[in-house]
Amino acid sequence: MDGAGIMGDVLRKNVALTAVIRPEAIKGGRLADDEGLPVLLVRSLSIVDRQSLALEAMVRTTERISVTVRAASYRDRKTIMGLLRSAGRAGLVIAALDDARDISVLTAGAGPELNGPGNSFERNQDFYVSYDAPA
């Protein structure tokens, strides 16, 4: 499991968020211009592995994950951004998810407000997702 997969799983399990966005509308990869709204796109921006000279069974990885909100209105986008920020603001800690262990999620800043395709409203929320995974 990688950081984008972990973040997608965290978002799909967030009750407040899935009351506004269908879990199947939380996706990786890319969004089509005619994608049903609202939708979230989860992508990995960067990956840093903790390097060690000794062979270790697990490697600590920190990924910067960007979650793009695309909504039909400014109000919807603002509401969803608030839900996203609260999903990672408190430093969410998860014991394990698939082969990843000792997972933590923190907010890492928001991007600018953008006009999306089809008169939609977009904005990115970044997160740091750190986890231990088999080497």
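Summarised in this report is the structure supplied together with it. In this text, all values refer to a predicted model and were calculated from it rather than measured experimentally. Starting from 1, residues in each chain are numbered consecutively following that chain's sequence as written. Local features are withheld for residues below a pLDDT of 70 in this predicted model, meaning they are given only at 70 or higher, and side-chain atom pairs are given and counted only at 80 or more; totals for whole chains, interfaces and linings count all residues. For the side-chain quantities, the full set of heavy atoms in the structure was used; hydrogens and water were omitted.

Focus on the pattern of salt bridges
What counts as a salt bridge is simple: a side-chain nitrogen of Lys or Arg found within 4 Å of a carboxyl oxygen of Asp or Glu. Counted by the stated rule, this structure contains eight salt bridges. Across the salt bridge formed by Arg-22 and Glu-24, the nearest N and O atoms sit 3.4 Å from each other. Overall, the relative accessible area of 43% leaves Arg-22 in the partly exposed class. Three exposure classes are used, based on accessible area relative to the maximum for each residue type with a 1.4 Å probe and protein chains only: buried under 20%, partly exposed in between, and exposed over 50%. A residue is classified by how much of its surface remains accessible, and Glu-24, at 52% relative accessible area, is exposed. Arg-123 is the salt-bridge partner of Glu-113, the closest N and O atoms lying 3.7 Å from each other. Of this pair, Glu-113 sits in the loop between strand E5 (100-110) and strand E6 (114-116) while Arg-123 sits in strand E7 (residues 120-134), and the two are ten residues apart along the sequence. Using a relative accessible area of 44% as the deciding quantity, one classes Glu-113 as partly exposed. Salt bridges sharing common partners tie together Arg-77, Glu-113 and Arg-123. Note on conventions: DSSP H or I runs of at least 4 residues are helices, E runs of at least 2 residues are strands, and numbering of each starts at the N terminus.

Keep in mind these values describe shape, not function.
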